[in-house]
Amino acid sequence: ELSDTARLDALNELTDAAVTAVIGHLDSDAASFLLNDLEDDRRARILNKVSATDRAAIESALAFDEESAGRLMQRAFVAAPVFWTVGQAIDHMRSVAEDDLPETFFEIYIVDPAFRLQGSVPVSRLLRHTRDKALADIMKETPVHVRPEMDQEEVAYIFRQYNLASAPVVDGAGRLTGM
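Cut-offs and rules
- Residues numbered from 1 in each chain as written.
- Predicted model: local features only at pLDDT ≥ 70, side-chain atom pairs only at ≥ 80, totals over all residues.
- Heavy atoms only, no water.
- Axes fitted to C-alpha atoms, helices over the stretch in contact; angles between N-to-C directions.
- Helix = DSSP H or I, 4+ residues; strand = E, 2+ residues; numbered from the N terminus.
- Parallel < 35°, antiparallel > 145°, perpendicular 65-115°, else oblique.
- Left-handed = near helix turned anticlockwise from the far one by under 90°.
- Contact = heavy atoms within 4.5 Å.
- Nonpolar A, V, L, I, M, F, W, Y, C, P; charged D, E, K, R; others polar.
- Salt bridge = Lys/Arg side-chain N within 4 Å of Asp/Glu carboxyl O.
- Buried < 20%, exposed > 50% of the residue type's maximum accessible area, 1.4 Å probe, protein only.
- Pairing = 2+ DSSP bridges.
- Phe/Tyr/Trp six-rings, centres within 6.5 Å; stacked < 30°, edge-to-face > 60°.

1. Points about the packing of helix α2 (residues 16-23) against helix α4 (residues 40-47)
Moving on, step 1. Taken N-terminus to C-terminus, the directions of α2 and α4 make an angle of 60°; their axes are 9 Å apart at the nearest point. Put simply, α2 runs oblique to α4. Relative to α4, the crossing made by α2 is right-handed. Two secondary-structure elements touch here, α2 through Asp 16, Val 19, Thr 20 and Ile 23 and α4 through Arg 42, Arg 45 and Ile 46.

Right, here's the structure in full:
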């Protein structure tokens, strides 16, 4: 949330270890935004110190154009197989490590075995149904989805048009890659 000048000044003052520690607490989109400001050699040194999972997510984001949906998307999302029940989805979310769930999410994306997006279930709807209710029976069709290569202005327009808080990001094969 710093101005560009203040962010760059802070990055220049921090050691690689301090930046690495900060990166560990950021979502992949924010981490890639921060690392984009660094020189290539310093970025590489820092990326070598973060976890393999975080490094893969950040490098994936950095591979997209700076003003694209791929750079903006969150790679942490909640997805469940289309054949699960409400109870299975809730049990799964409770059983995974806290770091494996996004801090804030509004929908659970429903996917087929090939991880292609089938629909979504708002968390509020999930909580209103019994444990034995099939997710397929309560999911709704997603009105729009975003492609990672879409320009951020186009994404912003879609969010305004549909009054969205989040949207699924799918690749060319329709597989869910982020939100």
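2. As for the packing of α2 against helix α3 (residues 28-35)
Each pair of packed helices can be summarised by the angle the axes make with each other and by the distance between the axes.
Moving on, step 1. It is at 10 Å that the axes of α2 and α3 come closest, and there the two elements cross at 155°. Classified by the angle between their axes, α2 and α3 sit roughly antiparallel to one another. Along its contact with α2, which presents Val 19, Val 22 and Ile 23, the element α3 presents Ala 31, Leu 34 and Leu 35.
Moving on, step 2. Among the residues making up the contact of α2 with α3, the classes are represented as six nonpolar, no polar and no charged.

3. Quick notes on the pattern of salt bridges
Moving on, step 1. If you walk through the whole model with that rule in mind, you get eleven salt bridges.
Moving on, step 2. Its salt-bridge partner being Asp 91, residue Arg 131 comes within 2.5 Å of it at the nearest N-O pair. A residue pair is termed long-range when its members are at least 10 positions apart, and Arg 131 in the loop between α8 (123-126) and α9 (135-138) and Asp 91 in helix α7 (residues 86-95) qualify at 40 residues.
Moving on, step 3. With a relative accessible area of 36%, Asp 91 lands in the partly exposed category.
Moving on, step 4. Linked by salt bridges that have partners in common, Asp 16, Asp 41, Arg 42 and Arg 45 make up one network.

4. Structural notes on the sheet that holds strand β3 (residues 117-122)
Moving on, step 1. Across the sheet, which stays open at both edges, the three strands sit in the order β1-β2-β3 with mixed pairing between neighbours. Of all the strands in the sheet, just β1 (79-81) and β3 have a single pairing partner and so form its edges. Strand-to-strand, the axes of this sheet are offset by a mean angle of 30°, without reference to chain direction.

5. Observations regarding the packing of aromatic side chains
Moving on, step 1. Applying the stated criterion to the full structure yields one aromatic pair.
Moving on, step 2. Aromatic pair Phe 77 and Phe 115: ring centres 6.3 Å apart, planes at 50°, arrangement tilted. Pair noted here: Phe 77 is in the loop between α6 (69-72) and β1 and Phe 115 is in the loop between β2 (107-111) and β3, with a separation of 38 residues, a long-range link.
Moving on, step 3. By relative accessible area, Phe 77 is classed as buried at 17%.
Moving on, step 4. Residue classification places Phe 115 among the partly exposed residues on the basis of a relative accessible area of 33%.

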